[in-house]
Amino acid sequence: AWIHEPIESNKFLIVSWRMSGSEFCKELIRENYPSTNPQNYWPKSHIILGDEITRILIDNANTKVFVAITDPREVAMNLVYFDNGLHLHSSDYQSDNYVVNSTNTTQFFKEVADKQINLIHHYKKVFGDNCAIIRYEDALWYQDNFHDKVSKLIGEEPLRIDGGEKYRWSIYKNVGDFNQFFDKDVLDKHYDEYKWFYEQWGYPKEGLQLKKYK
């Protein structure tokens, strides 16, 4: 995790699992909500923070949390193929499925999905109404949905600036291509196991790949 000093400056915590588009989401928020613009207002975490630092953030900074999620199948694709797998670390997973040649398995998808699920459950439980779950896909294609959640959390209307083209040069993550990289039987089995999650967050079985062309 990256936490700023002084601790009181940590106004908006962005949380995500690796390769889930959190930086893109953060920049869209910063550009649309003037009160969020200073960079030192934004700590970042890919993990569940310890009780001590969490209590300080709540009591001293009144930190608001955005948990950025993406379709786990897209996260898996980006982990394996984005930047030639640079962000796929063996220490992140319990099994040997981090090896590039062994990621086409339901076990790997399960671990990736569970990473996001654990972050959602923890931060919603601990921060309560000061936590919002935002989708990276909404930042790309459904910005009204995205702004509804952000506005509700911070109590500020968006400027409705779409600066996505600027962000994509450095922090854009691929969306809508997972079907081309993994076996259909593996994807189907994983989806059936986690159907409750995909339905809860609006991810159809075929994915959102067609949205990228609209």
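Now for a description of the structure that goes with this document. (Residues numbered from 1 in each chain as written. Predicted model: local features only at pLDDT ≥ 70, side-chain atom pairs only at ≥ 80, totals over all residues. Heavy atoms only, no water.)

Comments concerning the side chain of Ser9
Thinking step 1. Take Ser9: it is sitting in the segment before strand 1 (12–15).
Thinking step 2. When near neighbours in sequence (up to four residues on either side) are disregarded, Ser9 contacts His4, Asn40 and Tyr41. (Helix = DSSP H or I, 4+ residues; strand = E, 2+ residues; numbered from the N terminus. Contact = heavy atoms within 4.5 Å.)

Here we look at the environment of Trp141
Thinking step 1. Within the element layout of this structure, Trp141 appears in helix 5 (residues 136–141).
Thinking step 2. A sequence separation of 70 residues divides Trp141 from Lys211, and the C-alpha atoms of the two residues are 7.3 Å apart.

A look at the nonpolar core
Thinking step 1. Among the nonpolar cores identified, the biggest contains 40 residues, and Val65, Val67, Leu79, Phe108 and Tyr123 are the most heavily contacted of them.
Thinking step 2. Counting residues per element, the ones that place at least two in this core are strand 1, strand 3 (64–69), helix 3 (72–81), helix 4 (106–127), strand 4 (131–135), helix 8 (184–193) and helix 9 (195–200).
Thinking step 3. If one sorts the elements of this core by residue count, helix 4 sits on top with nine residues.
Thinking step 4. Leu28, Trp42, Phe66 and Ile134 belong to the second largest nonpolar core, which has 20 residues in total. (Core = buried A, V, L, I, M, F, W, Y, C linked by side-chain atoms within 4.5 Å. Buried < 20%, exposed > 50% of the residue type's maximum accessible area, 1.4 Å probe, protein only.)

Focus: the packing of aromatic side chains
Thinking step 1. Evaluated as defined, the whole model comprises 13 aromatic pairs.
Thinking step 2. Relative to Phe181, the ring of Tyr81 lies with its centre 4.6 Å away and its plane at 40°, an arrangement referred to as tilted. One end of the pair, Tyr81, is in helix 3; the other, Phe181, is in the loop between helix 7 (164–171) and helix 8, with 100 residues separating them in the sequence.
Thinking step 3. Judged by relative accessible area, Tyr81 falls into the partly exposed class, the value being 39%.
Thinking step 4. Here Phe108 and Phe109 contribute two aromatic rings whose centre-to-centre distance is 6.4 Å and whose plane-to-plane angle is 55°, an arrangement assigned as tilted. Neither residue differs from the other here; Phe108 and Phe109 are each classed as buried.
Thinking step 5. Joined through ring pairs, the aromatic side chains of Tyr81, Phe108, Phe109, Phe181 and Phe182 make up one cluster.
Thinking step 6. Seen from the ring of Trp17, Arg18 lies directly overhead, with NZ or CZ sitting 5.5 Å from the centre.
Thinking step 7. Taking the ring centre of Trp2 as reference, the NZ or CZ of Lys44 above it sits at 5.7 Å. (Phe/Tyr/Trp six-rings, centres within 6.5 Å; stacked < 30°, edge-to-face > 60°. Lys NZ or Arg CZ within 6 Å of the ring centre and 35° of its normal.)

Things to note about the packing of helix 1 (residues 22–32) against helix 6 (residues 143–154)
Thinking step 1. Put simply, helix 1 and helix 6 touch, their axes get as near as 12 Å, and they point 70° apart. Comparing the axis directions of helix 1 and helix 6 gives the class roughly perpendicular. Facing helix 1, whose interface residues are Cys25, Leu28, Ile29 and Asn32, helix 6 presents Gln143, Phe146, His147 and Val150.
Thinking step 2. Taken together, the residues of the contact of helix 1 with helix 6 sort by class into five nonpolar, three polar and no charged. (Axes fitted to C-alpha atoms, helices over the stretch in contact; angles between N-to-C directions. Parallel < 35°, antiparallel > 145°, perpendicular 65-115°, else oblique. Nonpolar A, V, L, I, M, F, W, Y, C, P; charged D, E, K, R; others polar.)

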